[in-house]
Amino acid sequence: MTNNFQLDLNNIPKHVAVIMDGNGRWAEKHGKNRLEGHAQGAKAARLAVETAHKLGIKYITLYAFSMENWQRPESEVNGLMSLLTSSIAHQFKDLIENNVRLLTIGDNSYLPENVRKEISNVVNASSSNTGLTVIIALSYSGRHEILSGVKKLLTKFQDQKFDINSLSEEDFSNCLYTAGIPDPELLIRTSGEYRISNFLLWQISYSELYFTNKFWPDFSEEDFRYAIYDYQHRQRRFGKTSNQIDECK
Ligand code: FPP
């Protein structure tokens with residue numbers, strides 16, 4: 001990574017999505033247990049939120065727990081659930097003071113009752129905040145989200161018999177967990193894995209992808225800024241040619 005880079009503050013992405021990967025390998029590398037890796041990961045998540053806030057990013061989506069993660073050993077799942085609730089509860093005051101809104105996306109029905117309650121307290125208390133929106137993907141699966149969007153549309157169709165041919169991409173987006181939230185311009189994944197892992201499948205159709213070998217607990221403010229710097233040097237063509245993009249400038 002170059003040490004000397006200048007961010008263009010007029011070209012900050014509105015929405016950044018993050019696959020926070022590598023907590024387990026970070027722990028292994030430091031001779032610690034996996035839950036200690038996740039605890040460091042929670043610190044890195046807080047730092048990423050602070051950096052997003054400083055840079056004026058409007059939305060940050062953090063992939064904290066996938067539907068597939070329910071298959072991990074029970075002790076790790078329980079540890080992650082209590083880490084998530086305690087992290088969110090601890091940061092309640094700071095979130096409110098900094099005008100941050102908290103949302104979650106995912107299938108809440110799988111979450112233990114106490115986790116659901118704790119999170120919905122913070123979501124409700126922060127619902128009128130107008131600064132950064134932090135979206136935690138929890139018990140989340142992109143395919144599950146798309147399927148539940150299809151089910152919503154079919155139910156609506158049964159009730160209203162609207163013209164199927166009039167359905168737009170926007171109508172479908174409005175049936176997803178992320179209704180009303182702009183698609184991420186940038187998706188970051190740490191830990192040297194080059195996969196999407198069932199994350200925001202519909203929403204990232206034109207996102208710029210940024211991969212780094214760093215494990216999530218090591219992902220610093222500088223790393224986050226560099227990912228944005230890298231994004232700022234991409235040409236986003238949305239299917240057009242470079243010449244067409246240059247002509248519009
Ligand atoms: C992936 O690392 C990380 C997770 C499954 C959990 C992410 C959770 C946190 C960062 C903690 C809490 C977050 C918030 C928002 C408070 P891994 O376990 O898959 O790592 P590995 O691939 O190296 O085993």
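Residues numbered from 1 in each chain as written. Predicted model: local features only at pLDDT ≥ 70, side-chain atom pairs only at ≥ 80, totals over all residues. Heavy atoms only, no water.

Visitor: Would you take a moment to explain the pattern of salt bridges for this structure?
Guide: Should the charged atoms of two oppositely charged side chains come close, the side chains can pair. Counted under the stated rule, the structure contains 15 salt bridges. Glu 97 serves as the salt-bridge partner of Lys 93, at 3.5 Å between the closest nitrogen and oxygen. Taken together, the residues span about one helical turn, with Lys 93 and Glu 97 both in helix α4 (residues 92-97) at a distance of four residues. Just as Lys 93 is exposed, Glu 97 falls in that class too. Between Asp 223 and Lys 214 there is a salt bridge whose closest N-O contact spans 2.9 Å. Relative accessible area serves as the criterion here: at 6%, Asp 223 is assigned to the buried category. Classification of Lys 214 as partly exposed rests on a relative accessible area of 35%. Residues joined in a network through salt bridges with shared partners are Asp 21, Arg 25, Arg 189, Glu 193 and Arg 195. (Salt bridge = Lys/Arg side-chain N within 4 Å of Asp/Glu carboxyl O. Helix = DSSP H or I, 4+ residues; strand = E, 2+ residues; numbered from the N terminus. Buried < 20%, exposed > 50% of the residue type's maximum accessible area, 1.4 Å probe, protein only.)

Visitor: Teacher, can you tell me more about the nonpolar core here?
Guide: Nonpolar side chains tend to gather and get buried jointly when the protein is soluble and globular. By size, the foremost hydrophobic cluster in this structure holds 43 residues, and its most contacted members are Ile 57, Ile 60, Val 134, Ile 188 and Phe 224. Sorting the residues of this core by element identifies β1 (15-19), α2 (34-55), β2 (59-66), α3 (74-90), α5 (113-125), β4 (133-140), β5 (186-189) and α8 (221-232) as the ones contributing at least two each. The residues touching Phe 224, leaving out its near neighbours within four places in the chain, are Val 16, Ala 48, Thr 51, Ala 52, Ile 57, Ile 60, Ile 188 and Phe 219. If you look at the next biggest cluster of nonpolar residues, it comprises 13 residues, including Ile 105, Ile 135, Leu 187 and Ile 204. (Core = buried A, V, L, I, M, F, W, Y, C linked by side-chain atoms within 4.5 Å. Contact = heavy atoms within 4.5 Å.)

Visitor: Please clarify how the side chain of Arg 189 should be interpreted in this entry.
Guide: With respect to the secondary-structure elements, Arg 189 resides in strand β5. The residues contacting Arg 189, other than those within four sequence positions of it, are Ile 19, Asp 21, Arg 195, Ile 196, Ser 197, Tyr 210, Phe 211 and Thr 212.

Visitor: How should I be thinking about the site of the ligand in this particular structure?
Guide: Every one of the 19 residues lining the ligand counts as a neighbour, but Gly 24, Arg 25, Arg 34, His 38 and Arg 72 are closest to it. At 3.2 Å from an oxygen atom of the ligand is found a side-chain nitrogen or oxygen belonging to Asp 21. Note that an oxygen atom of the ligand is positioned 3.2 Å from one of the backbone N or O atoms of Asn 23. Protein chains shield 90% of the accessible area of the ligand, which is 620 Å² for the free molecule. Of all the cavities here, the one that holds the ligand is the largest pocket. (Near = heavy atom within 4 Å. Polar contact = N/O pair within 3.5 Å; in protein donor to acceptor, adjacent residues only side chain to side chain. Areas by Shrake-Rupley, 256 points an atom, 1.4 Å probe, with all protein chains shown as cover. 1 Å grid on protein atoms, 1.4 Å probe; cavity = no way out; pocket = protein on both sides within 12 Å on 5 of 7 lines; lining within 4 Å. Sits in = over half its atoms within 2 Å of the grid points.)

Visitor: Please explain the environment of Leu 35 as it appears in this structure.
Guide: Along the chain, Leu 35 falls in helix α2. Residue classification places Leu 35 among the partly exposed residues on the basis of a relative accessible area of 33%. The spacing of Leu 35 and Asn 23 is 12 residues in sequence and 8.4 Å in space, taken between C-alpha atoms. Setting aside chain neighbours within four positions, we find Leu 35 in contact with Ser 75, Glu 76, Gly 79 and Leu 80.

Visitor: Looking at this model, I keep getting lost on the packing of α2 against α8. Mind explaining?
Guide: For any two helices packed against each other, one specifies the inter-axial angle together with the distance between the axes. Two elements in contact, α2 and α8, have axes separated by 9 Å at closest approach and are oriented at 50 degrees. The orientation of α2 relative to α8 falls into the category oblique. Viewed along their axes, α2 and α8 form a crossing whose handedness is right-handed. Along its contact with α2, which presents Leu 47, Ala 48, Thr 51, Ala 52, Lys 54 and Leu 55, the element α8 presents Glu 221, Phe 224, Arg 225 and Ile 228. Each residue belonging to the contact of α2 with α8 can be placed in one class, and the counts come to six nonpolar, one polar and three charged. (Axes fitted to C-alpha atoms, helices over the stretch in contact; angles between N-to-C directions. Parallel < 35°, antiparallel > 145°, perpendicular 65-115°, else oblique. Left-handed = near helix turned anticlockwise from the far one by under 90°. Nonpolar A, V, L, I, M, F, W, Y, C, P; charged D, E, K, R; others polar.)

Visitor: Sorry if this is basic, but what is going on with the environment of Asn 99 here?
Guide: Among the secondary structure elements, Asn 99 is positioned in the loop between α4 and β3 (101-105). With relative accessibility at 29%, the residue Asn 99 sits in the partly exposed group. Contact partners of Asn 99, with chain neighbours within four places excluded, come to Asn 129, Thr 130, Gly 131 and Leu 132.

Visitor: Before we go on, may I ask you to explain the packing of α3 against α5 in this structure?
Guide: Where α3 meets α5, the closest approach of the two axes is 10 Å, and the angle between their N-to-C directions is 25 degrees. With respect to each other, α3 and α5 are oriented roughly parallel. Judged by the sense of rotation from one axis to the other, the crossing of α3 with α5 is left-handed. Residues Met 81, Thr 85, Ile 88 and Ala 89 of α3 form the contact with α5, whose participating residues are Val 115, Glu 118, Ile 119 and Val 122. Split by residue class, the contact of α3 with α5 holds six nonpolar, one polar and one charged.

Visitor: How should I be thinking about the packing of aromatic side chains in this particular structure?
Guide: Enumeration over the complete set of coordinates arrives at 15 aromatic pairs. With a centroid separation of 6.4 Å and 25 degrees between ring planes, the pair formed by Trp 70 and Tyr 110 is classed as stacked. With Trp 70 in the loop between β2 and α3 and Tyr 110 in the loop between β3 and α5, this pair connects stretches of sequence that are 40 residues apart. Feature note: the residues Tyr 63, Tyr 140, Tyr 177 and Phe 199 constitute an aromatic cluster, connected by ring pairs. A cation over an aromatic ring shows up here: Lys 156 above the ring of Phe 162, its NZ or CZ 5.9 Å from the ring centre. Against the face of Phe 157 rests Lys 161, its NZ or CZ located 5.3 Å from the ring centre. (Phe/Tyr/Trp six-rings, centres within 6.5 Å; stacked < 30°, edge-to-face > 60°. Lys NZ or Arg CZ within 6 Å of the ring centre and 35° of its normal.)

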